[in-house]
Amino acid sequence: MRHDIWMKKAVEEAKKAEKIGEVPIGAVIVRDEEILGKGHNLREHQQDPTAHAEVVAIRDAAQKVGSWRLSGCRLYVTLEPCPMCSGAILLSRIDTLVYGAYDPKGGCAGTLMNLLVDERFNHRVEVVDGIAEAECARLLKDFFRSLRRRSKRD
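Procedures and definitions
- Residues numbered from 1 in each chain as written.
- Predicted model: local features only at pLDDT ≥ 70, side-chain atom pairs only at ≥ 80, totals over all residues.
- Heavy atoms only, no water.
- Buried < 20%, exposed > 50% of the residue type's maximum accessible area, 1.4 Å probe, protein only.
- Helix = DSSP H or I, 4+ residues; strand = E, 2+ residues; numbered from the N terminus.
- Pairing = 2+ DSSP bridges.
- Right-handed = clockwise from strand over helix to strand, strands pointing away.
- Salt bridge = Lys/Arg side-chain N within 4 Å of Asp/Glu carboxyl O.

## What about the pairing of strand 4 (residues 96–101)?
As a general feature of sheets, a regular strand has side chains that alternate between the two faces. By the criterion of burial, strand 4 is predominantly enclosed, with six of the six residues buried. Looking at chain direction, strand 3 (residues 74–79) and strand 4 are connected through five bridges and run parallel. Residue Arg74 lies in a different strand from strand 4, and its bridge partner there is Thr96. Following the chain from strand 3 across helix 4 (residues 83–91) to the adjacent parallel strand 4, one finds a crossover that is right-handed.

This is the structure:
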C-alpha cells in the first residue's frame, strides 16, 4: 500500500485551506485506487463548526457514490481526527484511516483516546499513523507561527 502517494493528495488539500486562511488540514477518500472525495477545512468560510476536512471529504465521497456507507474506503488526513471526525469516520463505515501529524490536544485516533477501535461500537477502523508526519506537522506549525506574527504587528 503506497500511503505516501495518497497523503500527498491530502497535503494538497491542506494547502488549499491555507491559501484561503483556513487551518491547513486536508483529506482525501480513496477506494480502488481512485479518489472518491476530497476536502479541506472550511470552518471559517462557512462559519460551520462541522466543516472539518474529514467531514467535507466524507460528504463529497458519499454524494459521489450515492450512499453514506463508505465501506472499502481509506481516508487520508493530514492531522489526527478529533472526536467529531472520528465519529463521522465510524458512522460512514470507512475501513482504514491514515493520518499524518498527531494531535496532542484533540486526537481521538490514538493520542488522547482511540474511538476507532473501541469494541463497544458496531464498527472498527484500521488506523495507520505518522505518514508524512513531519510535512503535515510543519504545515500547521508554519501556519500558526504566521498568525502569531501577524497578530503582533496589528
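That covers the picture; the talk isn't over yet.
## Digging into the pattern of salt bridges
One pass over the full model with this rule turns up six salt bridges. A salt bridge links Arg2 to Asp4; the shortest N-O distance between them is 2.8 Å. Under the relative-accessibility criterion, Arg2 is labelled exposed at 53%. Note that Lys16 and Glu13 form a salt bridge whose closest N and O atoms lie 2.8 Å from each other. Linking Lys16 with Glu13, this pair stays in helix 1 (residues 3–19), spanning three residues, or about one helical turn. Of the residues examined, Lys16 reaches a relative accessible area of 38% and is grouped as partly exposed. Using a relative accessible area of 4% as the deciding quantity, one classes Glu13 as buried.

Structural measurements only, silent on function.
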